[in-house]
Amino acid sequence: MSPHGGTALAAVFTPNPDHHSTWSGFFALVAFVIGCAIALIGVYAAVSTWRGLEPSRRPGQALPVALTGGFFVVVGLAVTAFGVWLF
């Protein structure tokens, strides 16, 4: 019981002693998040572009939309993999 009449919960952060928090860990997390964002934005852009096209234009635009979306996914996954490698 706390002196104020209620119960108090305390959250205690205990880092892993074998894996110290460093700037490289911070940048690894940043690279991971940015890479995931790039990949998701690429997929969203490709899908929304595809849905926004008139049905008569879809066959002619399938390759450019797929290549553009695929490029963003590949770059995003590469940045994500770099972040995982740094960590």
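A brief structural summary. (Residues numbered from 1 in each chain as written. Predicted model: local features only at pLDDT ≥ 70, side-chain atom pairs only at ≥ 80, totals over all residues. Heavy atoms only, no water.)

1. What about the overall build of the protein?
For clarity, the cut-off: Runs of H or I in DSSP of at least four residues are treated as helices and runs of E of at least two as strands, each being numbered from the N terminus. Residue exposure (1.4 Å probe, protein chains only): buried if accessible area is under 20% of the type maximum, exposed if over 50%, otherwise partly exposed. Note on contacts: a residue pair is in contact if any heavy atoms of the two residues lie within 4.5 Å. Surface exposure here means Shrake-Rupley accessible area, sampled with a 1.4 Å probe, where a residue is shielded only by the protein chains that are shown.
When helices and strands are tallied, the protein shows two helices and zero strands. Counting the 87 residues in the protein, one finds 15% classified as buried. Here the analysis covers contacts within the protein between residues at least 6 apart in sequence; of these, 72% occur between residues at least 24 apart. A total of about 7000 Å² of accessible surface is found on the protein, and carbon and sulfur atoms cover 73% of it.

2. Focus: the environment of Thr68
In this structure, Thr68 sits in helix H2 (residues 58–86). Here the alpha-carbon distance between Thr68 and Gly42, two residues 26 residues apart in the chain, equals 7.6 Å.

3. What to know about a nonpolar patch on the surface
Condition: Patch definition: residues above 30% relative accessible area lacking any salt bridge, with like charges linked at up to 9 Å and the nonpolar side chains Val, Leu, Ile, Met, Phe, Trp and Tyr linked at up to 5 Å. For this analysis, a salt bridge means a side-chain nitrogen from Lys or Arg found within 4 Å of a carboxyl oxygen belonging to Asp or Glu.
A cluster of nonpolar side chains, Trp23, Phe26, Phe27, Phe82, Trp85 and Leu86, forms an exposed patch at the surface whose accessible area comes to about 750 Å². Looking at the nonpolar patch, the elements that each hand over two or more residues are helix H1 (23–52) and H2.

4. A word on H2
Each α-helix turn comprises 3.6 residues. Residues three or four places apart therefore point the same way. We apply this condition: By this rule, a helix spans an expected 1.5 Å times one less than how many residues it contains. The reported bend at a residue is simply the angle between two axes, fitted to the 7 residues ending at it and to the 7 residues beginning with it.
Taking 1.5 Å per residue, 29 residues should reach 42 Å; H2 reaches 41 Å between its end C-alpha atoms and fits that length. Taken as a whole, H2 carries its principal kink of about 25 degrees at Pro64. Lining the buried residues of H2 we find H1.

5. As for the packing of aromatic side chains
The description of two aromatic rings rests on the distance between their centres and on the angle between their planes. The following threshold applies: In this scheme Phe, Tyr and Trp rings, the latter by its six-membered ring, pair at centre separations within 6.5 Å, and the angle between planes marks the pair as stacked below 30 degrees, edge-to-face above 60, and tilted otherwise.
Applying the stated criterion across every chain yields a total of five aromatic pairs. Ring-pair connections join several aromatic residues into one group, and the members of that group are Trp23, Phe26 and Phe27.

That is the geometry; function is a separate question.
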